[in-house]
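The residues making up each chain are set out below.
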Amino acid sequence: MKLAVSILVTDYDEEETIARINETTADYLHVDVTDGSFVSQRTPQRDFLHTSKKPLNVHLMVSRPFDYISMFKELQAESITIQAELEDDLNSLLDYIHELGMKCGLALCPKTSVSAVEEYANKLDEVLILSVTPGVGGQKMIESTLDKIEELENLREKEGYQFKIFVDGGVNGETIGKIRGADAVIVGSFICKSEDYQAQIDKLGL
Ligand code: DX5
Ligand code: ZN
């Protein structure tokens, strides 16, 4: 299972957090973006994302994703995931991300069912299962959301889709044991609110 480290909640400033993640075995840097509209929180401006040695796995929890896509292209992001609940033309947004040479994904809020991604699944590189309420790090995992892993696996197998399954929120040394079948986990506070990032990563036993 691959690991993306989320910098939403950390004991260090942004520059130090990214420098610490650079020294670990993590596969991606997960960048959460909130706009005060899709969720009430607003993430601070990020100034050091260009210092990441890990590919950027961007998660836009925003009402108007289009406004952010070119900025992350400039930062050479590997992938951009947007929320499946948006009423925008998701097909156009996903195609635009692909046209710019990045991977695209859809994220499902805890209450959103897998059926919300079916229409787009043939073009998705990633489906992100939010296992906590979006917008805040350090929450307890809503374990019932993990049922979606198997549903997505079945859909992928039946239709021959290629998307990877990510689980995001409340993953720690205990809850990791409940996650089976996902291709990647996104882990924030369990790693970034500690002194020794690699020691925490090792506890995940990925
Ligand atoms: C929640 C974010 C997650 C979160 C993960 O809205 O999408 O990426 O930061 O942080 P932890 O691991 O602390 O739940
Ligand atoms: Zn996220």
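Rules used throughout
- Residues numbered from 1 in each chain as written.
- Chains lettered and ligands numbered in written order.
- Predicted model: local features only at pLDDT ≥ 70, side-chain atom pairs only at ≥ 80, totals over all residues.
- Heavy atoms only, no water.
- 1 Å grid on protein atoms, 1.4 Å probe; cavity = no way out; pocket = protein on both sides within 12 Å on 5 of 7 lines; lining within 4 Å.
- Points joined across faces, edges and corners; volume = space filled by probe spheres on them.
- Helix = DSSP H or I, 4+ residues; strand = E, 2+ residues; numbered from the N terminus.
- Nonpolar A, V, L, I, M, F, W, Y, C, P; charged D, E, K, R; others polar.
- Buried < 20%, exposed > 50% of the residue type's maximum accessible area, 1.4 Å probe, protein only.
- Arc of directions from axis to C-beta.
- Contact = heavy atoms within 4.5 Å.
- Near = heavy atom within 4 Å.
- Polar contact = N/O pair within 3.5 Å; in protein donor to acceptor, adjacent residues only side chain to side chain.
- Areas by Shrake-Rupley, 256 points an atom, 1.4 Å probe, with all protein chains shown as cover.
- Sits in = over half its atoms within 2 Å of the grid points.
- Donors = N, O, S within 2.8 Å, 3.2 Å for Na, K, Ca; no water.
- Tetrahedral: all angles 85-135°; square planar, octahedral: opposite > 155°, others 65-115°.
- Expected span 1.5 Å × (residues − 1).

S.K.: What is the right way to look at the layout of surface pockets in this model?
M.R.: Rolling a probe over the atoms, with the probe sized like a water molecule, indicates the empty space that remains. Reported here for the largest pocket is a volume of approximately 320 Å³. The wall of the largest pocket is formed by 28 residues, among which G137, G138, G169, G170 and G188 lie closest to the centre. Elements supplying a minimum of two residues to the lining of the largest pocket: β3 (56-61), β8 (184-187) and α6 (189-192). Here the residues of the lining of the largest pocket are counted per class, giving twelve nonpolar, 13 polar and three charged.

S.K.: Where do I start with helix α1 (residues 14-22) in this structure?
M.R.: Along an α-helix, a turn takes 3.6 residues, which lines up residues three or four apart on a common side. Turning to α1, its buried residues number three or more, namely E14, T17, I18, I21 and N22. One face of α1 carries all of its buried residues, which in axial projection span an arc of 140°. Where α1 is buried, its residues touch β1 (2-6), β2 (28-34), α6 and α7 (197-204).

S.K.: What should I look at first to understand the site of ligand 1 in this one?
M.R.: Of all residues adjacent to ligand 1, which total 19 residues, the nearest are G135, G138, D168, G188 and S189. In the environment of ligand 1, an oxygen atom lies 2.8 Å from a nitrogen or oxygen atom belonging to the backbone of G138. One of the side-chain N or O atoms of D168 is found 2.6 Å from an oxygen atom in ligand 1. Look at ligand 1: alone it shows 380 Å² of surface, and the protein chains cover 99% of it. The pocket occupied by ligand 1, as judged from atoms lying within 2 Å of grid points, is the largest pocket. Of all the secondary-structure elements, those providing two or more residues to the shell around ligand 1 are β2, β3 and β8. Along the lines of polarity and charge, the residues of the shell around ligand 1 split into seven nonpolar, ten polar and two charged.

S.K.: Please clarify how the coordination of the zinc ion (ligand 2) should be interpreted in this entry.
M.R.: By definition of the ideal shapes, a tetrahedral metal site with four donors has angles of 109.5 degrees and an octahedral site with six donors has angles of 90 or 180 degrees. Within the first shell, the zinc ion (ligand 2) binds the protein through H30 (NE2), D32 (OD), H59 (ND1) and D168 (OD), at distances of 2.0 to 2.3 Å. Given six donor atoms and angles of 69 to 166° at the metal, the environment of the zinc ion (ligand 2) is assigned as octahedral. Ordering the donors of the zinc ion (ligand 2) by residue number gives the pattern H-x1-D-x26-H-x108-D. Here the residue D32 occupies a position in strand β2, and H59 occupies one in strand β3, the gap between them amounting to 27 residues. You'll find D32 and H59 in the same group, each marked buried.

S.K.: Where do I start with helix α5 (residues 147-159) in this structure?
M.R.: In this model α5 runs 19 Å from its N-terminal to its C-terminal C-alpha over 13 residues, within 8% of the 18 Å that 1.5 Å per residue would give. Where α5 is concerned, the buried positions are K148, I149, L152, L155 and R156. Considered in projection along α5, the buried side chains sweep an arc of 130° and stay on one side of the axis. Opposite the buried face of α5, at more than 90 degrees from it, the exposed residues are D147, E150, E157 and K158. On the buried face of α5, the contacting elements are β5 (103-108), α4 (115-118), β6 (126-130) and β7 (164-168). Backbone geometry just after α5 places G160 at a positive phi near 75°.

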